[in-house]
Amino acid sequence: MTKISKIGGEFALIARVTKPVKDKNVIIGIGDDTAVLKYTQYKYLLWTVDMLVEGDHFNLKWSTPEKIGKKAMEVNVSDIGAMGGLPKYALISICIRRDTPVEFVDKLYKGMYQVAKKYDFEIIGGDTTHGDLIVIDVSMIGEVRKNELASRSNAKPGQLILTTGNLGASTAGLNLLRQKKKGISIKKHLEPKARLKEAQKLIKKGVNCMIDVSDGLASEVKHICEMSKTGAVIYKEKIPLAASTKRDAKKVNKDPQDYALNGGEDFELVFTINKKDLRKFKDSKLVGKILPKKKGIYLLDKGEKKELGHGFIHF
Ligand code: ADP
Ligand code: MG
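Residues numbered from 1 in each chain as written. Chains lettered and ligands numbered in written order. Predicted model: local features only at pLDDT ≥ 70, side-chain atom pairs only at ≥ 80, totals over all residues. Heavy atoms only, no water.

Novice: When you look at the overall build of the protein in this model, what are you seeing that I'm missing?
Specialist: Along its length, the protein carries nine helices and 13 strands. When burial is assessed residue by residue, the protein has 50% of its 315 residues classed as buried. Long-range contacts, defined as pairs at least 24 residues apart, comprise 81% of the intrachain contacts of the protein with a sequence gap of at least 6. As displayed, the protein offers around 16500 Å² of accessible surface, 53% of which is attributable to carbon and sulfur atoms. Once the 57 positive and 38 negative side-chain charges of the protein are each reduced to a mean point, those two points are 6 Å apart. (Helix = DSSP H or I, 4+ residues; strand = E, 2+ residues; numbered from the N terminus. Buried < 20%, exposed > 50% of the residue type's maximum accessible area, 1.4 Å probe, protein only. Contact = heavy atoms within 4.5 Å. Areas by Shrake-Rupley, 256 points an atom, 1.4 Å probe, with all protein chains shown as cover. Lys, Arg positive; Asp, Glu negative; His and termini not counted. Charge placed at Lys NZ, Arg CZ, Asp CG, Glu CD.)

Below is the structure:
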């Protein structure tokens, strides 16, 4: 028996079990925020799936069914947004316990429909079953104009790496909850929001390389580098942190920069731009630079090169 951690974790596992996609209608298969398929003359279809598991992605003690429903939708919208697209349709699979109250499911769907209304997409099906844990698995389809597609594989050496906002808050919130402490970050963990509007603005400014932060800045930058065949440097001092995240991390004696790099679920966007365009992105924060592959991937901490780390480790 081989442990998943032994072979290098989640992504090594996916690489090991999957095969190259042969179908010519698949523009992007495995490796980006969504799969991309041929669709119409001017548009591609985006297709993604993301699962929330009780005890891992949500906890009934801390959240409400409405918030859980919203989160299940927002995390999928986030992936569609990171490709430059807009959500259109969702399928919802739920696994509930035999004794899960009807009212729980009522509220779960109330939350999901609120998000569908907000972003103007529809729930068009799903699946319902029972088990020992509650699981909510959403599959979402979106559309993107061909000339607005953003991919993890479009980064070029010399480009700057930016993020749309502060990082680390979600993990700070999770750790406050675990230690029964209070703080603003808790809301960031329980009620994540896709940066769909921001993604659309970036696309209109010509951004074509983007990823959403689900597993931490370190992990997302590594994904960009892998898909773009580049290296990268992240400037540790420049990692944007809200004052509340610093305060909340302190309450649990943890390093907020570590949360930003290796925590995840912030759902900010990480994207690359050409240096000459920097003034067009005043609302975003510069965190690093894309390098040629041979320079490697590293963290620059007060002038010293360090390991970037691995992002959130699922296994
Ligand atoms: P994200 O964090 O943006 O949702 P992931 O990191 O979960 O993306 O997945 C990375 C890539 O691996 C995606 O292209 C996804 O479709 C693919 N992938 C993830 N899990 C599996 C799986 N079990 N089988 C096949 N492909 C997978
Ligand atoms: Mg993603």
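From this point, the narrative continues.
Novice: What am I meant to see in the nonpolar core here?
Specialist: The nonpolar side chains of a soluble globular protein tend to be buried with one another. If you look at the biggest cluster of nonpolar residues, it comprises 34 residues, and the most contacted ones within it are Met73, Ile92, Phe121, Ile136, Val138, Met140 and Leu149. Setting aside residues up to four positions removed in sequence, Ile92 forms contacts with Met73, Tyr109, Met112, Ile123, Gly125, Gly126, Asp127, Asp137 and Val138. Core analysis: the second largest hydrophobic core is formed by 22 residues, Val221, Ile224, Leu299 and Leu308 among them. (Core = buried A, V, L, I, M, F, W, Y, C linked by side-chain atoms within 4.5 Å.)

Novice: Could you clarify how one ought to interpret the coordination of the magnesium ion (ligand 2) in this entry?
Specialist: The protein atoms donating to the magnesium ion (ligand 2) are Asp33 (OD), Asp79 (OD) and Asp212 (OD), with metal-donor distances spanning 2.0 Å. Sequence spacing among the residues donating to the magnesium ion (ligand 2) works out to D-x45-D-x132-D. Placement of Asp33 in the loop between β1 (26–28) and β2 (35–38) and of Asp212 in strand β8 (residues 210–212) is noted, with a sequence separation of 179 residues between them. Taking the relative accessible area as the measure of exposure, Asp212 reaches 1% and is therefore buried. (Donors = N, O, S within 2.8 Å, 3.2 Å for Na, K, Ca; no water.)

Novice: Honestly, helix α3 (residues 102–119) in this entry has me stumped. Any pointers?
Specialist: Since the α-helix packs 3.6 residues into each turn, any two residues three or four apart lie on the same face. The end-to-end C-alpha distance of α3, which contains 18 residues, comes to 26 Å, matching closely the 26 Å that a straight helix rising 1.5 Å per residue would cover. Inspection of α3 places Phe104, Leu108, Gly111, Met112, Val115, Ala116 and Tyr119 among the buried residues, and these make up the whole buried set. The buried residues of α3 occupy one face: seen down the axis, they fall within an arc of 140°. Turned more than 90 degrees off the buried face of α3, the exposed positions are Val102 and Lys117. Positioned one or two residues after α3, Asp120 has a phi angle of 65°, which is positive. (Expected span 1.5 Å × (residues − 1). Arc of directions from axis to C-beta.)

Novice: Where do I start with unusual backbone geometry in this structure?
Specialist: Glycine aside, a negative phi is what most residues show, and trans is what most peptide bonds show. A positive phi angle, near 55°, is found at Lys229, a position not held by glycine. What makes Lys229 exposed here is its relative accessible area of 61%. The residue Phe267 is not glycine, and still its phi comes out positive at about 60°. Considering the arrangement of structural elements, one finds Phe267 in the loop between α9 (256–262) and β10 (269–273). Residue class for Phe267 comes out buried when judged on its relative accessible area of 5%.

Novice: Sorry, what's going on with the sheet that holds strand β13 (residues 304–306) here?
Specialist: What links the strands of a sheet is backbone hydrogen bonding, and the strands pair in either a parallel or an antiparallel sense. Spatial ordering of the open sheet is given by β8-β10-β7-β11-β9-β12-β13, a layout of seven strands whose pairing is mixed. Either end of the sheet is taken by a strand with one partner, and the two such strands are β8 and β13. Each strand of the sheet is rotated relative to its neighbour by a mean of 25°, with strand direction disregarded. By the bridge criterion, four bridges tie strand β9 (residues 231–235) to strand β11 (residues 285–291) in an arrangement that is antiparallel. Bridge pairing in β11 links Ala232 to Ile290. Where helix α2 (residues 65–82) meets the sheet, it contacts β8 and β10, and its direction lies at approximately 170° from that of β8. (Pairing = 2+ DSSP bridges. Axes fitted to C-alpha atoms, helices over the stretch in contact; angles between N-to-C directions.)

Novice: Explanation requested: the site of ligand 1 in the structure shown.
Specialist: Near ligand 1, the surroundings consist of Phe11, Ile14, Thr18, Ile30, Gly31, Asp32, Asp33, Asp50, Asp79, Arg152 and Ser214. Here Gly31 contributes a backbone N or O atom positioned 2.7 Å from an oxygen atom of ligand 1. Here ligand 1 loses 63% of its free accessible area of 560 Å² to cover by the protein chains. Of the residues assigned to the shell around ligand 1, the class counts are three nonpolar, three polar and five charged. (Near = heavy atom within 4 Å. Polar contact = N/O pair within 3.5 Å; in protein donor to acceptor, adjacent residues only side chain to side chain. Nonpolar A, V, L, I, M, F, W, Y, C, P; charged D, E, K, R; others polar.)

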